[in-house]
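Notes for the structure review
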Amino acid sequence: MFILPQNQQKCKQKKLGEKLGWLPSGGMTTLGTSGGAADVAVHMVMPVIVLAVSMAGTNIRYIRSAVLEILQQDYLRTARAKGIGHFLVINKHALRNALVPIVTVIGMEIPVLFGGSIIVEQGFSWPGLGLMTMSAITNRDYPVIMGVCLLSAIVVLLGNLLTDILYAVVDPTIKLQ
């Protein structure tokens, strides 16, 4: 996962937040307000962009290579030779068969997203699991650290379960019993 060093991240936050005034540079709500849903949504824009962009490059490259590999298969050449349009060949046949490895990669990234959110919370001063984890580490609060590790293990297990369920949805040859 790509994360800017702390000083570069703070510089970008300051530029977008303070100098341009487009987005708030940190916190969950604007100070002095009740912090409604719209205010929280505006404060969520930059952390969401950081998490999404950090994973987008890897996902795009992997999806591209999976689809290009599937496009070389004989049954797709046969479908093109029979006169099926390019749109249907790619979207109905190729993409459906390329989804199995894509689901695998995205399922493996769920725990990475969870860990990345802890770091992003620290960078953008969001109160949450990241703040609690970092304060527990600095204060040597071992029960809280063990609880965060247990929660991380549960997230990994749920990610694997979700991936297995999505396999059955994506590939009809796989049956859940």
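Thresholds applied
- Residues numbered from 1 in each chain as written.
- Predicted model: local features only at pLDDT ≥ 70, side-chain atom pairs only at ≥ 80, totals over all residues.
- Heavy atoms only, no water.
- Helix = DSSP H or I, 4+ residues; strand = E, 2+ residues; numbered from the N terminus.
- Expected span 1.5 Å × (residues − 1).
- Bend = angle between axes of the 7 residues up to and from the residue.
- Axes fitted to C-alpha atoms, helices over the stretch in contact; angles between N-to-C directions.
- Parallel < 35°, antiparallel > 145°, perpendicular 65-115°, else oblique.
- Contact = heavy atoms within 4.5 Å.
- Nonpolar A, V, L, I, M, F, W, Y, C, P; charged D, E, K, R; others polar.
- Buried < 20%, exposed > 50% of the residue type's maximum accessible area, 1.4 Å probe, protein only.

Re helix H4 (residues 86-123)
With 38 residues, H4 extends only 45 Å from end C-alpha to end C-alpha; this falls clearly short of the ideal 56 Å at 1.5 Å per step. Of all the bends in H4, the largest measures some 45° and sits at leucine 95. Remark: serine 125 follows H4 within two positions and exhibits a positive phi of approximately 55°.

What to know about the packing of H4 against helix H5 (residues 129-138)
H5 packs onto H4 with a crossing angle of 80° between their chain directions and a minimal axis gap of 7 Å. Taken together, the axes of H4 and H5 are roughly perpendicular relative to one another. Residues Phe114, Ile118, Glu121 and Gln122 of H4 form the contact with H5, whose participating residues are Leu129, Gly130, Leu131, Thr133 and Met134. When its residues are assigned to classes, the contact of H4 with H5 shows five nonpolar, three polar and one charged.

Observations concerning unusual backbone geometry
Leaving glycine out, the prevailing phi sign among residues is negative, and the prevailing peptide bond configuration is trans. The phi torsion at arginine 140 lies on the positive side, around 55°, for a residue other than glycine. As for its position among the elements, arginine 140 is in the loop between H5 and helix H6 (142-170). Looking at arginine 140, the relative accessible area reads 62%, which means it is exposed.

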